Amino acid sequence: MDKLLKQLVDGTGVTPPSLCAQSFASKYPQAINPEWQIRGERFEVIFHLETTEYVAEFDSNGLLVKYTMQLTAESLPGFVSNQLSQTGELMNAVLVNEGNQISYEIIYRNADLSRFMMVLDQSGNIITEKEL
């Protein structure tokens, strides 16, 4: 618990390689409160642009490998909103861009208040769906 509290107050203390930091600064010059972590072989940074939370992953050479972006109900593409109208109430939505392939990770609940996770591709096809 002390470690968690220290991280919340002081941050993680992770300093990314300069190539990662430079790449991040050039891609997201308006980023607010970046916080770096090491995830396996990648360097992950959590930050905000205006009111939207992002998570970006860089390899050690500074290449942006993946990013996620929190979405609001109002910012969902029409095909995601249409799918939700058939399945349930939105709880959380994230756009995932990995290798320039976009998908949408949606958590929703049905009328019985059971929660589900659905992943849609950029064309609106359901890739996976499972109960949580």
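Parameters at a glance
- Residues numbered from 1 in each chain as written.
- Predicted model: local features only at pLDDT ≥ 70, side-chain atom pairs only at ≥ 80, totals over all residues.
- Heavy atoms only, no water.
- Pairing = 2+ DSSP bridges.
- Helix = DSSP H or I, 4+ residues; strand = E, 2+ residues; numbered from the N terminus.
- Buried < 20%, exposed > 50% of the residue type's maximum accessible area, 1.4 Å probe, protein only.
- Arc of directions from axis to C-beta.
- Contact = heavy atoms within 4.5 Å.

**Here's the deal with the pairing of strand 2 (residues 42-49)**
Phase 1 of the analysis: Pairing geometry for strand 1 (residues 32-39) and strand 2, over 6 bridges, is antiparallel. The residue of strand 2 that forms the bridge with Glu35 is Ile46.
Phase 2 of the analysis: Hairpin connection between strand 1 and strand 2: a loop of 2 residues separates the two successive antiparallel strands, and Gly40 in this loop has a positive phi of roughly 65°.
Phase 3 of the analysis: Looking at chain direction, strand 2 and strand 3 (residues 52-58) are connected through 7 bridges and run antiparallel. Note on strand 3: the bridge partner recorded for Glu44 is Glu57.
Phase 4 of the analysis: Linkage of strand 2 to strand 3, two consecutive antiparallel strands, is achieved through a turn of 2 residues, within which Glu50 is found at a positive phi near 55°.

**Comments concerning helix 2 (residues 18-27)**
Phase 1 of the analysis: Among all positions in helix 2, only Cys20, Ser23 and Phe24 are buried. Taken end-on, helix 2 shows its buried residues confined to a sector of 100°, consistent with a single buried face. For helix 2, exposure combined with an orientation more than 90 degrees from the buried face picks out Gln22 and Ser26.
Phase 2 of the analysis: For helix 2, the elements touching its buried residues are strand 1, strand 2 and strand 3.

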